[in-house]
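Analysis of the macromolecular model
Next come the chains, spelled out residue by residue.
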Amino acid sequence: MLSVSAGGGHVRAAEALRAHAATHPAGIEATHLDVMDVVSSGFRALYTDLYVDLVNNQPALWSYLYQKTDEASPRSLAQRIRRAVERLNCRALHAYIRRHAPDAIICTHFLPAELLSRELRQGNLHVPVWVQVTDFDLHRMWLVPGMRGYFAANDEVAWRMVERGLSADAVHVSGIPVMPAFGLPPDRKACAAEIGLDPGRQTFLMMAGAAGLGGLDALAARLLRVASDFQLIALAGRNESMLDALRAVAKAHPARLFPQGFTHRVERLMACTDLVITKPGGLTTSECLAMGVPMIVNSPIPGQEERNADYLLEQGVALKAIDAAALEYRIRLLLEHPGHLDAMRRRIVPLGRPHAARVVLDTVLAADSPDGIDARA
């Protein structure tokens, strides 16, 4: 599994594939490499730090670049120069692949796929390479020639892949891989007891990405002023100062606000939640869909996250809040009309793909098994 830590979703998708491989009945030995771990520090800063800086501080510029690169021909001078720079900085990747001698490679980011495409074309690599798209959108950079196959988040993304020239036989609708825990929702009462929640009261989970609307502490204080009996979980991640601020707010609202720091067990928080307030990243929203939890999405990154938000809104499983006032309005709306939330929850059922990673692995194994034997049998 090859990923790139430009945002967390690509890495989490690869980790989900690795986790499912560990328990696969075929006995898969899987490793995961973040390609940024084997490049120069300068290239890593350019590729990941610049991306984070653009989406956080220059969203209009990032939106422009996203659109322009989607429209650009792969044969344009700018695209050829970009790929040449990438090749010069990623030579260690090829040594890593030779050392591990894999039977198959799955890329959860287009960068390693592009690098390996050239090696395949020149006859320096003889391993099937697959590409897993990690958003409910399709950017041209994901359409890398020479791949054994491509995995799409939904039917529309798959259709757009074929529309842009890929063979229909090479395109598979899998969903976006999520960790196994999201396919086995834990008991609400048990999860609620772990953090002192009342499992019978309506509960909302506000994730760190919601900070795009302002500080989580200020948002929590604003929502808790709404005259209704609901509980609020606020996930501050690794932001210790924000966690302290949330704890101060919680003292003024006993048994209503439950601040949480970084956790590897988000599924246990989602299990006792009726609604998640979050940025519309491909992995986070796929986790919510897998758990059957409706969303209010906010502050999407221009480009891919805007398209993710569009998809969720079109399917009727999410609302969108453009600012703190809009978030409060939507919370009030759902509290006053609980049927809206029930309807969103019902519409999620056919959209969740908790076993996407297993579909990907089964497809890869079946394609490379002797005599075309289906590895799922």
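Residues numbered from 1 in each chain as written. Predicted model: local features only at pLDDT ≥ 70, side-chain atom pairs only at ≥ 80, totals over all residues. Heavy atoms only, no water.

Concerning unusual backbone geometry
Worth spelling out the cut-off: We count a stretch as a helix when DSSP gives it H or I for four or more residues in a row; a strand needs E for two or more, and each element gets its number in order from the N terminus. Exposed residues in this analysis have more than 50% of their type's maximum accessible area, buried residues have under 20%, and partly exposed residues fall in between, with area computed by a 1.4 Å probe over protein chains only.
Even without being glycine, Ala-101 reaches a positive phi, approximately 45°. Among the secondary structure elements, Ala-101 is positioned in the loop between helix 5 (91-100) and strand 3 (105-107). Taking relative accessible area as the criterion, Ala-101 reaches 55% and is therefore assigned exposed. Although it is not a glycine, Ser-299 adopts a positive phi angle of roughly 45°. Note on placement: Ser-299 falls in the loop between strand 11 (295-298) and helix 13 (304-315). Exposure remark for Ser-299: the relative accessible area of 23% places this residue in the partly exposed category.

Some points on the pattern of salt bridges
The cut-off we apply is this: Just to be clear on terms, a salt bridge is a Lys or Arg side-chain nitrogen sitting within 4 Å of an Asp or Glu carboxyl oxygen.
Here the structure, examined in full by the defined rule, presents 15 salt bridges. The closest approach of N and O atoms between Glu-15 and Arg-18, which form a salt bridge, is 2.9 Å. One end of the pair is Glu-15 and the other is Arg-18, both in helix 1 (residues 9-22) and three residues apart, which spans about a single turn. The shortest N-O distance in the salt bridge between Asp-342 and Arg-345 comes to 3.0 Å.

Here we look at the pairing of strand 5 (residues 149-152)
The criterion, for reference: Note: two strands are recorded as paired if DSSP finds a minimum of 2 bridges between them. Seen with the strands pointing away from the viewer, any crossover whose path from the first strand over the helix to the second strand runs clockwise is right-handed.
The alternating pattern of strand 5 places Gly-149 and Phe-151 and Tyr-150 and Ala-152 on opposite faces, both of which are buried. In this sheet, strand 5 lies alongside strand 4 (residues 129-132) in parallel orientation, the contact comprising three bridges. Bridge pairing in strand 5 places Trp-130 opposite Gly-149. Pairing between strand 5 and strand 6 (residues 171-173): three bridges, direction parallel. In the sheet register, Phe-151 faces strand 6, and the bridge partner there is His-172. With helix 7 (residues 155-163) bridging strand 5 and the parallel strand 6, this β-α-β connection has right-handed handedness.

Considerations on a nonpolar patch on the surface
To keep things clear, this is the line we draw: Patches here are clusters of residues that have more than 30% relative accessible area and form no salt bridge, with a 9 Å joining cutoff for like charges and a 5 Å cutoff for nonpolar side chains (Val, Leu, Ile, Met, Phe, Trp, Tyr). Only the protein chains shown count as cover for residues, and the accessible areas themselves come from Shrake-Rupley with a 1.4 Å probe.
Among the surface-exposed residues, Leu-61, Tyr-64 and Leu-65 lie close enough to one another that they form a single nonpolar patch of about 270 Å² accessible area. Mapped onto the elements of the fold, Leu-61 is located in helix 3 (residues 59-71). With relative accessibility at 37%, the residue Leu-61 sits in the partly exposed group.

Concerning the sheet that holds strand 12 (residues 318-321)
Threshold: Lines are fitted to the C-alpha atoms to define the axes, a helix being fitted only along its stretch in contact, and any angle between axes, read from their N-to-C directions, falls within 0 to 180 degrees. Note on contacts: a residue pair qualifies if any of its non-hydrogen atoms lie within 4.5 Å across the two residues.
If you trace the six strands from one edge of the open sheet to the other, you get 9-8-7-10-11-12, paired in parallel fashion. What marks the edges here is a single partner per strand, and that holds for strand 9 (257-260) and strand 12. On average, each strand axis in the sheet is tilted by 20° relative to the strand beside it, whichever way the strands run. Set on the sheet, helix 14 (residues 324-336) makes contact with strand 7 (202-206), strand 8 (230-235), strand 10 (275-278), strand 11 and strand 12; between it and strand 12 the angle comes to about 145°.

Observations regarding the nonpolar core
Applicable threshold: Remark: nonpolar core denotes a set of buried residues (Ala, Val, Leu, Ile, Met, Phe, Trp, Tyr, Cys) joined through side-chain atoms within 4.5 Å.
Ranked by size, the top nonpolar core spans 44 residues in total, and within it Leu-2, Met-36, Leu-93, Ile-105, Leu-116 and Met-161 carry the most contacts. When contributions to this core are tallied by element, the ones reaching two or more residues are helix 2 (41-57), helix 3, helix 5, strand 3, helix 6 (110-121), strand 4, strand 5 and helix 7. Setting aside residues up to four positions removed in sequence, Ile-105 forms contacts with Leu-2, Ile-97, Leu-116, Val-127, Pro-128, Val-129 and Trp-130. Judged by nonpolar contacts, the second largest core, of 35 residues, contains Ala-13, Ala-153, Phe-182 and Val-317.

Some remarks on the environment of Ala-309
Along the chain, Ala-309 falls in helix 13. On the basis of relative accessibility, which here comes to 2%, the residue Ala-309 falls in the buried class. In this structure the C-alpha to C-alpha distance between Ala-309 and Tyr-64, which are 245 residues apart in sequence, comes to 18 Å.

Re the confidence of the model for the chain
Cut-off, in case you're wondering: Along the chain, pLDDT gives the predictor's confidence residue by residue, from 0 to 100.
Summarising the model, the chain shows a mean pLDDT of 88, and 91% of its residues fall at 70 or more. Contacts for the low-pLDDT stretch residues 371-377, under 50 throughout, to residues beyond four places or in other chains number six contacts.

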